[in-house]
Structures are given as structure tokens and as C-alpha cells.
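Below are the chains, spelled out letter by letter.
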Amino acid sequence: ALDGVLRAVGMRLSSTPQRALLGVLFGQVRLGLRGYAWVERDVTEVSAAELRKIDVCWSVVTGLGIVDNVRAREFAEKQTLLALKAGERYRIARALACEVTSSAVEGSRAVERTARLARLTREVAERSGHPFARGFEQLAGGLSAYLEGRFRDCLETCEAAGRVLRDECVGATWERGNANLFSLWALAQLGDFAENVRRLPGLTADARARGD
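Residues numbered from 1 in each chain as written. Predicted model: local features only at pLDDT ≥ 70, side-chain atom pairs only at ≥ 80, totals over all residues. Heavy atoms only, no water.

A. Layout of helix H7 (residues 131-147). Between the first and last C-alpha of H7 there are 24 Å, a value that for 17 residues agrees with the 24 Å anticipated at 1.5 Å per step. The element H7 is extensively covered by neighbouring structure, given that 12 of its 17 residues are classed as buried. Check the buried side of H7 and you find it contacts helix H3 (48-64), helix H5 (89-104), helix H6 (111-128), helix H8 (151-167) and helix H9 (173-189). Positive backbone phi, approximately 80°, marks Gly-149, located one or two places after H7. (Helix = DSSP H or I, 4+ residues; strand = E, 2+ residues; numbered from the N terminus. Expected span 1.5 Å × (residues − 1). Buried < 20%, exposed > 50% of the residue type's maximum accessible area, 1.4 Å probe, protein only. Contact = heavy atoms within 4.5 Å.)

B. Representation of the packing of aromatic side chains. Enumeration according to the criterion identifies eight aromatic pairs in this entry. Between Trp-58 and Phe-132, the aromatic rings sit 6.0 Å apart at their centres with planes inclined by 90°, giving edge-to-face as the arrangement. Pair noted here: Trp-58 is in helix H3 and Phe-132 is in helix H7, with a separation of 74 residues, a long-range link. The same class applies to Trp-58 and to Phe-132, which are both buried. The interplanar angle of 65° and the centroid separation of 4.9 Å between the aromatic rings of Phe-182 and Trp-185 together place this pair among those described as edge-to-face. With a gap of three residues between them, Phe-182 and Trp-185 both fall in helix H9, about one helical turn apart. (Phe/Tyr/Trp six-rings, centres within 6.5 Å; stacked < 30°, edge-to-face > 60°.)

C. Region of the structure containing the nonpolar core. Membership of the largest hydrophobic core comes to 51 residues, with the highest contact counts inside it found for Met-11, Phe-75, Phe-132, Phe-136, Leu-139 and Cys-154. Sorting the residues of this core by element identifies H3, helix H4 (69-86), H5, H6, H7, H8 and H9 as the ones contributing at least two each. If sequence neighbours within four positions are ignored, Phe-75 has contacts with Leu-6, Met-11, Arg-12, Leu-13, Cys-57, Val-60 and Val-61. (Core = buried A, V, L, I, M, F, W, Y, C linked by side-chain atoms within 4.5 Å.)

D. Spotlight on the environment of Cys-158. Here Cys-158 shows up in helix H8. Cys-158 gets classed as buried once you look at its relative accessible area, which sits at 1%. The residues contacting Cys-158, other than those within four sequence positions of it, are Leu-139, Gly-142, Leu-143, Ala-179, Phe-182 and Ser-183.

E. Focus on the side chain of Ser-14. In this fold, Ser-14 is placed in the loop between helix H1 (2-8) and helix H2 (17-34). Within the structure, the side chain of Ser-14 is placed 2.9 Å from the side chain of Glu-74, a separation counted as a polar contact. If we ignore the near neighbours within four places in the chain, the residues touching Ser-14 are Arg-19, Ala-20, Arg-71 and Glu-74. (Polar contact = N/O pair within 3.5 Å; in protein donor to acceptor, adjacent residues only side chain to side chain.)

Next comes the structure, spelled out in C-alpha cells:
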């Protein structure tokens, strides 16, 4: 089914992890040469075909992010390049948030770059006026804090993200789940097992009630 969706917008999954890794590297080189500048356009000024292509990339990134990180990263780079070219703020914010977490995977070597991307993402998300952009930007900040070993920051940021995603967004089930999950992991890393145990039954009951 995924292959069919990708073919409909002129894309495809790499046939092997090695090819996907080459795609990641090629995307990084293109992004490095291009930079993060863009000409801003309203969503009404962007063609439906352009928006669909970006949204398909987003679906691949979120769908494969946990199970096939290399292919997900390849489509994250495609998403960023397409979003910057389109110039639409909401999709740029969403793509940049993925870039924040990708940068944070490199840990202490990329702290300054991750922080710069995080500041840019926050600015674009706020300007977009879209609650999901704000919630996902906060979630990306929380995940990057976890990857950098800043567990208190992770807990506070993921909790803030969870509130926005729960109270102001429709759906966002995957994103809310990750906000909750990383909050629990941060509590464990902080040694607060009592709070972890206190929260878990409520989160489990909520997930079961939603059939998640």
C-alpha cells in the first residue's frame, strides 16, 4: 500500500538500507549546500501536488521512524527540501522539527547545531499559528533533550507538548504517545520511579479506552 502511495507522487522507498543511507547522505549534502532559507508563501499559493508530496514524506517519516530509521531519515531530508521549496510555514515547521531530532541523535557533537535548529523551528512554529506545529516543535525539543542527556528538560518539554497535543489538536495520537513515553523514560533516568508508577495506570487506561 505504501509503495502505491509513493508511486502516485513520483517517489519510492529505497530497495536496500545501503541505498537509503546513500539517499540520506545525498539529502544532507543538498541541504547543506542549499541552507535553510526560503521564500514564504501562503498555503493557497502552493499547488495541491506539492503539498501532497510533502505530506506523504511526513507519513513515511512518522510511520517508519521507530522501525526503519534509515529510510525514515531519507524521507525526512526529502520532506525538508520540499517544504523549504514550497515556503509554507506549517509544513516547514513540521519538517524542521524532524531535523532537530535527527541532529540530536549525534549527541554532544551536534549540540550547537541542534540548538540553532530548535530556535528556528520554534520561531516558525509560533508564526504558523498552528497548534500542531507548536506541539510537535515542543515534542522534538523534548526528544532532543533526552538524546542529549538533559532528562529534566525532556520531562518538562514533553509534558508541555503533551498538553498542547491533547487540548488543542485533533488526533495527534502518535505524537501524544511519544510525549508520554519519553516523559516516563525521563522520570526513570531521573530516578523518580514512584512518579513513573503513579502515572502508568492512567496512561494505560487512556490508551485502552482509545483502542490504541
